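Take a look at the letters that make up each chain.
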Amino acid sequence: MSHATSAMPAPLVLDWRHGTIGPLEPCVLCGTPTVCRSPVKDVPCHKACAETWITTHARDAGHRARLIRAYTPGRGEPR
Ligand SMILES: [Zn+2]
């Protein structure tokens, strides 16, 4: 009997190397102060919180990929 492994999504890690930091402000997702800014929306937000948000809001793999793309600054893409 083969036992199908549950479809566990791979850990999500956003590429926020282009993100900026600023004064401590409450994270928009968890409310805990953070210096990290979302590089896309320019709001106070922990990178880990954004990753968790995407993981919990993605309806399927395709949607997850779009969310990741939407919340990751362009890498080498022409402006
Ligand atoms: Zn947070």
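Residues numbered from 1 in each chain as written. Predicted model: local features only at pLDDT ≥ 70, side-chain atom pairs only at ≥ 80, totals over all residues. Heavy atoms only, no water.

Colleague: Looking at this model, I keep getting lost on the coordination of the zinc ion. Mind explaining?
Modeller: Ideal geometry at a metal centre gives angles of 109.5 degrees when four donors are arranged tetrahedrally and 90 or 180 degrees when six donors are arranged octahedrally. Here the zinc ion is held by the protein donor atoms Cys27 (SG), Cys30 (SG), His46 (ND1) and Cys49 (SG), which lie 2.0 to 2.4 Å from it. Taken together, the 4 donor atoms surrounding the zinc ion define angles of 100 to 118 degrees at the centre, an arrangement classified as tetrahedral. Between consecutive donor residues of the zinc ion, the sequence gaps follow C-x2-C-x15-H-x2-C. Relative accessible area serves as the criterion here: at 4%, cysteine 27 is assigned to the buried category. What makes cysteine 30 partly exposed here is its relative accessible area of 40%. (Donors = N, O, S within 2.8 Å, 3.2 Å for Na, K, Ca; no water. Tetrahedral: all angles 85-135°; square planar, octahedral: opposite > 155°, others 65-115°. Buried < 20%, exposed > 50% of the residue type's maximum accessible area, 1.4 Å probe, protein only.)

Colleague: Help me out: how do you make sense of the side chain of histidine 63 in this one?
Modeller: Position of histidine 63 relative to the elements: it lies in helix H2 (residues 61-70). What makes histidine 63 buried here is its relative accessible area of 13%. Of note is the side chain of histidine 63, whose polar atom sits 2.9 Å from the backbone nitrogen of arginine 59. The contact partners of histidine 63, leaving out residues within four places of it in the chain, are His57 and Ala58. (Helix = DSSP H or I, 4+ residues; strand = E, 2+ residues; numbered from the N terminus. Polar contact = N/O pair within 3.5 Å; in protein donor to acceptor, adjacent residues only side chain to side chain. Contact = heavy atoms within 4.5 Å.)

Colleague: Would you explain the pairing of strand S1 (residues 21-26) in this entry?
Modeller: Taken residue by residue, a regular strand's side chains alternate between the two faces of the sheet. Counting buried positions over the 6 residues of S1 gives 0, only a small fraction of the element. Taken together, the 3 bridges between S1 and strand S2 (residues 33-36) define a ladder with antiparallel strand orientation. Across the sheet, proline 26 pairs through a bridge with proline 33, a residue of S2. Two successive antiparallel strands, S1 and S2, enclose a turn made up of 6 residues, where glycine 31 displays a positive phi of approximately 85 degrees. (Pairing = 2+ DSSP bridges.)

Colleague: Please explain the environment of alanine 58 as it appears in this structure.
Modeller: Positionally, alanine 58 belongs in the loop between helix H1 (47-57) and H2. Put simply, alanine 58 and isoleucine 68 are 10 residues apart on the chain and 9.4 Å apart in space, counted from C-alpha to C-alpha. Each residue touching alanine 58, except ones within four places of it in the same chain, is listed here: His63, Arg64 and Leu67.

Colleague: Where do I start with the side chain of threonine 34 in this structure?
Modeller: Tracing the chain through its elements places threonine 34 in strand S2. Assessed through its relative accessible area of 5%, threonine 34 is described here as buried. A polar contact of 2.9 Å, which involves the side chain of threonine 34, links it to the backbone nitrogen of cysteine 36. Look past the residues within four positions of threonine 34 in its chain and what remains in contact with it is Pro23, Leu24, Glu25, Cys27, Pro44, Cys45 and His46.

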